[in-house]
Amino acid sequence: MNYLRLGTVAAIALLTTTFAASADPAISYVPNSLRQSTILRGPWTLHETGTHFHHDASGVVPAAGSTPPYNPAVSGTPYASYCGADGQHTVNHAKSVMQPYYFPFVRRRGSLLEGFFDYRPRNEEEATVSAISEDWGETWHFTGKALALNPYCPWDPTDPDNLNVNVNGTKTPYGSDHASAGDNGLGHAFVLSVRGRTHIYHLNRADGHIDSDQLVVHSLGHDSDEPLFGLPEFGYVSPLGSGGYPTLDARATHTSGLTDPDAILGTARTGNTTSVLYVSKNLSPGDASFPANAVCPKTPSFALTNLVNKKPRKTNHDVITIRVATTSDGINFADVGAATGLQDSTTVALNGIRWLGSGSIMRIADGRYGLFFGAGNCLDNDSDGFHFMGYAETDNPVRQPSDLLKWHVVRGFDNPILSTDTVVDPATNTKYPANAPLVNVTGADALSAAQVTPYTPPGEGFTTNFFSGRVYDPQAVYTDERTVTIVFAGYNTPQPSNNLGDYRSIGRLQLRFPNGYFLPPHFEGED
């Protein structure tokens, strides 16, 4: 792939600059660069506005004791227009907010951005969608969809839990059947080229497989216009008509040698091998052997999840470790060890980093690497790590795999790049985070209150942005000598069920670093 060479002469001169490892960079927000992204075409979206096609899929969880079909005027219609009169899935005709999309993987392709997104309508579907952007992630153009989970339509579009689907005219248990998969398909896509072969990796989110199986691997072709071309339409062979859990398509293969992999954060060329930084998530035994003071209690009363739905999350026992492994073929990996300096799996401090769940890395001009990440702690009690967006750097230039093991956090919980809504402990008047985020913006949600009716915000100061409840998976891309573009995912509220018309969304923002701080794309060693 030929990359656009931005300021080639200046870039080469800047590579001679030496940055002191102990000097953290000055980072600033590019004003007005935060946008909630939109997509043109592709599969169904929660909201679509147009002359001939219009719908607003919105809603709240119906009152206890009520049964479907629910009154749309009271509870909304979470799957409005998901299927047409012909019983087929509909498409997004116009430029629409990217919902329900999340967990992006984004890379630079010349003057364009190429993205692979986790498309996940709640309790209905999960698939991988590819798209390109010509404006640094503000607008995306659909290029393909593959590896889907469920070809069926909701039996009742007013049912937020999608208890049943229509299988050839038969009402078939789905959301009500623990063995039916719901929306747990293939997620957390990551693309890597090794020795001329390009692979796309996914987490198998199926019960009994998630965070214990190796990553699922498919081969990608070299068609930049349709990068998913040739992949199976469905990543699973669904036996819903006869009952049982879907099974993986026979063309899928798996990695070997990774420890409880959940998501890949990034890769670096180290000699003749490729080093991988990844999230290892252990669900069992988890923190069972930890002392009592190293286990999260229930979420505090002032946490976002309690302020929004009044239901404290139970103790989360997952243990996350950031690990490094090497590979020479993209399939077989050799463990290097656990990284230090990024998070502490035993911390119960409400401003600590217990879980780091997503992110991406960029090469700094002095040979070190920077990591943009999403993380959280006992304030959320969710190991996906979605409370804030932070930044860290390796202590030393990365010349060998072990150099990826030592990091230090530059922007953590109390001085985040971006954060969910601030909460305050009324007993101590302590604010979380302690300081305003670098990107301190309100009112960024592109949707109006009318579009997400009957949802009602819980009070002033909450659900003011499409990332008010969750901030996920920042994907950092070199833009020019000073600018980094971040494509990320956010939720308007802490959980999709809180606001069924405003969840899983994509956004972008831009940051300024010292001139020449990061290497331009054609020095990254990508294919």
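Anything mentioned here points back to the structure above.
Residues numbered from 1 in each chain as written. Predicted model: local features only at pLDDT ≥ 70, side-chain atom pairs only at ≥ 80, totals over all residues. Heavy atoms only, no water.

## A closer look at the pairing of strand β21 (residues 273–282)
Here is the rule we go by: Classification of residues uses two cut-offs on accessible area relative to the type maximum, computed with a 1.4 Å probe and protein chains only: under 20% is buried, over 50% is exposed, and between them is partly exposed. Runs of E in the DSSP output that reach at least two residues are strands. Runs of H or I that reach at least four are helices, and both are numbered from the N terminus. Paired strands, in this sense, are two strands between which DSSP finds at least two bridges.
Summarising burial for β21: nine of the 10 residues are buried, a large majority. Sheet topology places strand β20 (residues 261–270) next to β21; eight bridges connect them, and they run antiparallel. When the sheet's bridge partners are listed, Thr270 is paired in β21 with Thr273. If you look at the hairpin formed by β20 and β21, you'll find two residues sitting between the two strands, and Gly271 has a positive phi there, around 65°.

## Quick notes on empty space enclosed by the protein
Worth spelling out the cut-off: A cavity here means a set of 1 Å grid points, computed over protein atoms only, where a 1.4 Å probe fits but cannot escape. A pocket is an open set with protein on both sides within 12 Å along at least 5 of 7 lines, and lining residues have an atom within 4 Å of a point. Grid points are joined across faces, edges and corners, and a volume is the space filled by probe spheres set on the points. Throughout, the ten residues Ala, Val, Leu, Ile, Met, Phe, Trp, Tyr, Cys and Pro are labelled nonpolar, Asp, Glu, Lys and Arg are labelled charged, and all others, Gly among them, are labelled polar.
Applying the stated criterion across every chain yields a total of three cavities of 30 Å³ or more. The computed volume of the second largest cavity comes to approximately 70 Å³. Together, Ala303, Leu304, Thr305, Arg313, Leu379, Asp380, Phe386, His387, Gly469, Pro494 and Gln495 line the second largest cavity. The residue inventory of the lining of the second largest cavity, partitioned by class, reads five nonpolar, four polar and two charged.

## Details of the pattern of salt bridges
The test is simple: Throughout this description, the term salt bridge denotes a Lys or Arg side-chain nitrogen within 4 Å of a carboxyl oxygen of Asp or Glu.
Enumeration according to the criterion identifies 17 salt bridges in this entry. Between Arg35 and Glu138 there is a salt bridge, with its nearest N and O atoms 3.6 Å apart. Remark: Glu138 occurs in the loop between β9 (127–133) and β10 (139–146) and Arg35 occurs in strand β2 (residues 35–36); sequence separation between them is 103 residues. Judged by relative accessible area, which is 33%, Arg35 ranks as partly exposed. Assessed through its relative accessible area of 28%, Glu138 is described here as partly exposed. The salt bridge partner of Lys281 is Asp384, with a shortest N-O separation of 2.9 Å.

## Here's the deal with the pairing of strand β16 (residues 216–220)
Extensive coverage of β16 is indicated by the burial of four of its five residues. Looking at chain direction, strand β15 (residues 197–204) and β16 are connected through five bridges and run antiparallel. Each residue of the ladder has a partner; that of Ile200, found in β16, is His218. Bridge analysis of β16 against strand β19 (residues 253–254) gives two bridges, and the strand direction is antiparallel. Bridge pairing in β19 links Val217 to Thr253.

## Side note on the packing of aromatic side chains
For the record, the criterion: Aromatic rings from Phe, Tyr and Trp, taking only the six-membered ring of Trp, are treated as a pair when their centres fall within 6.5 Å; an angle between ring planes under 30 degrees marks them as stacked, one over 60 as edge-to-face, and anything in between as tilted. In this analysis the charged atom, NZ for Lys or CZ for Arg, is taken to sit over a ring once it is within 6 Å of the ring centre and within 35 degrees of the ring normal.
Considering all chains together, one arrives at 27 aromatic pairs under this definition. Considering the side-chain rings of Tyr102 and Phe103, the 5.9 Å spacing of their centres and the 90° angle between planes classify their relative orientation as edge-to-face. On the basis of relative accessibility, which here comes to 3%, the residue Tyr102 falls in the buried class. A centroid spacing of 5.9 Å and a plane angle of 80° characterise the contact between Phe373 and Phe388, whose relative ring orientation is edge-to-face. Taken together, the positions of Phe373 in strand β25 (residues 369–376) and Phe388 in strand β26 (residues 388–394) put the pair 15 residues apart, joining distant regions of the chain. Summarising the burial analysis for this pair, Phe373 and Phe388 share the class buried. In textbook terms, an aromatic cluster arises when at least three aromatic residues are bridged by ring pairs, as seen for Tyr102, Phe103, Phe386, Tyr472 and Tyr491. Lying across the ring of Tyr102, Arg504 places its NZ or CZ 5.2 Å from the centre.

## A short note on the state of the cysteines
Here is the rule we go by: Working definition: a disulfide is two cysteine sulfur atoms within 2.5 Å of each other.
A complete count under the given rule lists two disulfides for this structure. Between the sulfur atoms of Cys83 and its disulfide mate Cys153 the distance is 2.0 Å. On the S-S bond that ties Cys83 to Cys153, the torsion sits near -95°, and the link is left-handed. Linking Cys83 in the loop between α2 (72–75) and β6 (95–97) with Cys153 in strand β11 (residues 153–154), this pair joins segments that are 70 residues apart in sequence. Residue classification places Cys83 among the partly exposed positions, given a relative accessible area of 22%. Disulfide partner of Cys296: Cys378, at an S-S distance of 1.8 Å. Taking the sign of the S-S torsion, about -75° here, the bridge from Cys296 to Cys378 comes out left-handed. One end of the pair, Cys296, is in the loop between β21 and α3 (304–309); the other, Cys378, is in the loop between β25 and β26, with 82 residues separating them in the sequence. This pair shows no difference in class: Cys296 is buried, exactly as Cys378 is. Disulfide partners in the protein, listed by the sequence order of the bonded cysteines, are 1-2, 3-4.

Function cannot be inferred from these measures alone, as they are strictly geometric.
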